[in-house]
Amino acid sequence: MELQKNENSNDSKLSQVYGKIVLSLENCLLPSEKLLKSPSVVDGLDPETECDLRIIGCELIQTAGILLKLPQVAMATGQVLFQRFYFCKSFVRHPMEVTAMGCVCLASKIEEAPRRIRDVINVFHHIRQIRCQKPITPLILDQQYIALKTQVIKAERRILKELGFCVHVKHPHKLIVCYLQVLTFQSNRAVMQMAWNYMNDSLRTDVFLRYSPETIACACIYLTARKLKIVLPKSPKPWFNLFVDADEKDIQDICRKIVQLYKRQKIDPDALEAKIESLRKNYEEEREKGKTAITVASGNNTPNSVTSLTKSKSPSPPPAKVRKLDPSPRKNSDYHHSPRRKISSQDRELVESAAAAAAAVKSSSKGERESKTKDERAAEARLKGTDVSPPAAAPAKRSKEERASKEERESRSKEERSESRSAKDEYRSSSKKDRESRSTRRSGGGGGAGDHESRSSSRKEHDSRRRKHRDYKTVYSDSEEEYPHSRSNGNYWKKFYSYA
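The sections below set out a description of the structure shown in this document. (Residues numbered from 1 in each chain as written. Predicted model: local features only at pLDDT ≥ 70, side-chain atom pairs only at ≥ 80, totals over all residues. Heavy atoms only, no water.)

## Digging into the environment of Thr150
Assignment of secondary structure puts Thr150 in helix α8 (residues 143-162). Sequence-wise, Thr150 and Ile117 are 33 residues apart; in three dimensions their C-alpha atoms are separated by 9.8 Å. At a separation of 2.5 Å, a polar atom in the side chain of Thr150 contacts the main-chain carbonyl oxygen of Ala147. (Helix = DSSP H or I, 4+ residues; strand = E, 2+ residues; numbered from the N terminus. Polar contact = N/O pair within 3.5 Å; in protein donor to acceptor, adjacent residues only side chain to side chain.)

Below, the structure written as structure tokens:
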């Protein structure tokens with residue numbers, strides 16, 4: 001019974017849920033409360049202006065992606081990340097253009113088509129010049145460019161942080177193609193192209209944060225069928241229930257948001273930037289006021305301030321006891337290691353007398369050492385058995401003999417070097433003559449018996465000179481022991497004439 005109870009308790013422990021983390025490849029959908037009250041609205045931005053800023057940001061990402069030759073999936077990912085980010089942060093606190101650059105860089109990396117930050121900045125600079133109708137000039141690589149580059153890098157990191165690194169986006173591009181194939185419209189290119197265009201335009205709205213990609217794909221097909229007046233089956237169930245479990249109201253809501261894009265007036269970016277700039281200034285002023293209020297409040301709460309002393313009704317604590325110090329200066333001679341221990345006068349006299357006696361003994365021993373003569377030190381050394389006297393004249397004679405032998409060796413080495421040089425010169429001149437004779441014989445054509453005899457005689461002379469040179473080298477190599485430190489050592493010649 002006890003074993004059964006333990007097993008039941010273990011099963012109950014294993015069946016407990018330890019967290020609420022759900023991992024899936026579905027898109028992140030936001031609740032309606034977060035969608036109705038965004039951070040930009042909280043900072044004082046009206047919903048219409050916020051919608052215009054979202055549309056401009058998505059258009060910038062789309063245009064920059066076309067100029068950077070990014071795939072459509074990468075541009076769609078960047079727009080979805082842009083929409084998600086500004087439901088976490090405000091347009092007032094974070095500039096829209098820098099965030100759009102960060103979204104393009106991040107989306108290009110996610111979809112495995114990375115682009116350099118410099119290229120992204122150059123493209124956005126080009127778009128701004130065309131939008132403001134300014135002359136197209138290249139971007140100057142100055143401190144302003146470096147600061148902008150750092151802002152883009154920080155914006156990319158901020159997007160990752162705010163989204164919790166959940167940057168996966170499921171797109172309805174493939175779903176539209178599959179659904180039209182099921183509905184037997186794969187050959188109708190107009191239907192497929194229009195549904196694809198509606199889906200790309202829906203990226204400028206917040207429908208990707210409200211509905212699943214399957215519902216968005218069905219809404220694009222629904223709107224295309226209405227536009228081209230194509231009848232789709234409704235019985236026994238509506239056609240979209242084959243692909244997604246959604247109501248017709250949701251599909252119509254998506255169609256309504258897409259159609260409202262085409263009814264909006266043309267947006268003036270300069271007016272929007274001016275409005276955002278005024279709100280940003282107000283936000284900065286309020287922030288500074290809040291900082292000053294916090295510093296004033298913290299200053300009033302300090303114990304040394306006058307207001308805190310006047311307002312405090314609690315009795316002040318008694319002052320701490322302070323030990324009085326003796327103002328009279330202390331003498332170091334009155335103390336030995338510790339300042340609390342005092343040495344008596346008798347002890348001091350004894351120490352002084354001992355120091356004087358030690359100094360006298362030291363000076364007397366030094367004088368005795370100096371008074372000893374050299375003869376006395378030599379006699380003491382002889383008694384001890386050590387000879388301190390300088391060496392006799394024999395070493396001097398040896399040094400002269402060594403010098404004479406060294407000079408003799410040097411002269412002999414010089415003579416041998418000169419003989420070797422003359423032998424080398426003779427060998428070189430003879431070899432040169434042989435080469436010239438060979439060249440003349442070759443140029444003169446074939447020879448007879450006289451040529452053969454001259455050739456053999458020259459060969460014999462050449463061999464005799466070579467033998468003489470070799471014998472000299474071997475003789476010189478035998479003198480290696482006698483001249484071990486000479487530069488032209490005999491090992492060099494032994495390497496070539498080892499048979500000698």
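## A look at the state of the cysteines
Applying the stated criterion to the full structure yields zero disulfides. With no disulfide of its own, Cys105 has Cys103 as its nearest cysteine by sulfur position, at a separation of 9.4 Å. (Disulfide = S-S within 2.5 Å.)

## Overview of the packing of helix α11 (residues 213-228) against helix α12 (residues 248-263)
Between two packed helices, the angle of one axis relative to the other and the distance separating the axes together describe the packing. The contact between α11 and α12 brings their axes to 9 Å, and the two run at 70 degrees. Judged on the interaxial angle alone, α12 and α11 are roughly perpendicular. In the packing of α11 onto α12, the handedness of the crossing is right-handed. Residues Thr215, Ile216, Cys218, Ala219, Tyr222 and Leu223 of α11 form the contact with α12, whose own contacting residues are Glu248, Ile251, Gln252, Ile254, Cys255, Ile258 and Val259. In the contact of α11 with α12, the residues fall into ten nonpolar, two polar and one charged. (Axes fitted to C-alpha atoms, helices over the stretch in contact; angles between N-to-C directions. Parallel < 35°, antiparallel > 145°, perpendicular 65-115°, else oblique. Left-handed = near helix turned anticlockwise from the far one by under 90°. Contact = heavy atoms within 4.5 Å. Nonpolar A, V, L, I, M, F, W, Y, C, P; charged D, E, K, R; others polar.)

## Notes on the packing of aromatic side chains
The tally for this structure, following the rule as stated, stands at eight aromatic pairs. On the basis of an interplanar angle of 20 degrees and a centroid distance of 4.1 Å, the ring pair of Tyr179 and Phe243 is categorised as stacked. Remark: Phe243 occurs in the loop between α11 and α12 and Tyr179 occurs in helix α9 (residues 173-182); sequence separation between them is 64 residues. The buried category is assigned to Tyr179, whose relative accessible area is 8%. Measuring from centroid to centroid gives 6.5 Å for Tyr198 and Tyr262, while their planes differ by 55 degrees, and the two rings are tilted. Taken together, the residues Tyr198 in helix α10 (residues 189-201) and Tyr262 in helix α12 connect sequence positions 64 residues apart. When its relative accessible area of 11% is taken as the criterion, Tyr198 is described as buried. (Phe/Tyr/Trp six-rings, centres within 6.5 Å; stacked < 30°, edge-to-face > 60°. Buried < 20%, exposed > 50% of the residue type's maximum accessible area, 1.4 Å probe, protein only.)

## Here's the deal with the pattern of salt bridges
Summed over the entire model, instances satisfying the criterion amount to 15 salt bridges. Of the charged contacts, one joins Arg93 and Asp43 as a salt bridge, the two residues approaching to 3.2 Å between their closest N and O atoms. Linking Arg93 in the loop between α5 (72-85) and α6 (96-110) with Asp43 in the loop between α3 (39-42) and α4 (47-67), this pair joins segments that are 50 residues apart in sequence. Residue Arg93 is classed as partly exposed on the basis of its relative accessible area, which comes to 44%. (Salt bridge = Lys/Arg side-chain N within 4 Å of Asp/Glu carboxyl O.)

## A look at the environment of Ser108
Along the polypeptide, Ser108 turns up in helix α6. Taking the C-alpha atoms as reference points, Ser108 and Met75, 33 residues apart in sequence, are found 8.0 Å from one another. Residues within four places of Ser108 in sequence aside, it is in contact with Leu70, Ala113, Pro114 and Arg115.

## A few points about the packing of α4 against α5
As a packed pair, α4 and α5 sit with axes 9 Å apart at the nearest point and diverge in direction by 155 degrees. The pairing of α4 with α5 is recorded here as roughly antiparallel in orientation. Read as a crossing pair, α4 and α5 show a hand that is right-handed. Only Gln72, Met75, Gly78, Gln79, Phe82 and Gln83 of α5 make contact with α4, whose side of the interface consists of Leu53, Arg54, Gly57, Cys58, Ile61, Gln62, Gly65 and Ile66. For the contact of α4 with α5, a count of residues per class yields six nonpolar, seven polar and one charged.

## Quick look at the side chain of Thr205
Mapping Thr205 onto the fold places it in the loop between α10 and α11. Using a relative accessible area of 11% as the deciding quantity, one classes Thr205 as buried. At 2.7 Å, the side chain of Thr205 and the backbone oxygen of Ser202 are in polar contact. If we skip the residues at most four places from it in the chain, Thr205 touches Gln83, Lys257 and Leu261.

## Quick look at α10
For α10, with 13 residues, the first-to-last C-alpha span of 18 Å sits near the 18 Å given by 1.5 Å per residue. Three or more residues of α10 are buried, namely Val191, Ala195, Tyr198, Met199, Asn200 and Asp201. Buried positions along α10 lie against α5, α9, α11 and α12. N-capping of α10 is provided by Asn188, with a side-chain oxygen placed 3.4 Å from the backbone N of Ala190. (Expected span 1.5 Å × (residues − 1).)

## Observations concerning unusual backbone geometry
For the bond running from Ser235 to Pro236, omega is -5 degrees, close enough to zero to count as cis. Among the secondary structure elements, Pro236 is positioned in the loop between α11 and α12. Even without being glycine, Lys69 reaches a positive phi, approximately 60 degrees. Here Lys69 is to be found in the loop between α4 and α5. With phi around 60 degrees, Thr184 is a residue other than glycine that occupies positive phi space. Relative to the assigned elements, Thr184 resides in the loop between α9 and α10.

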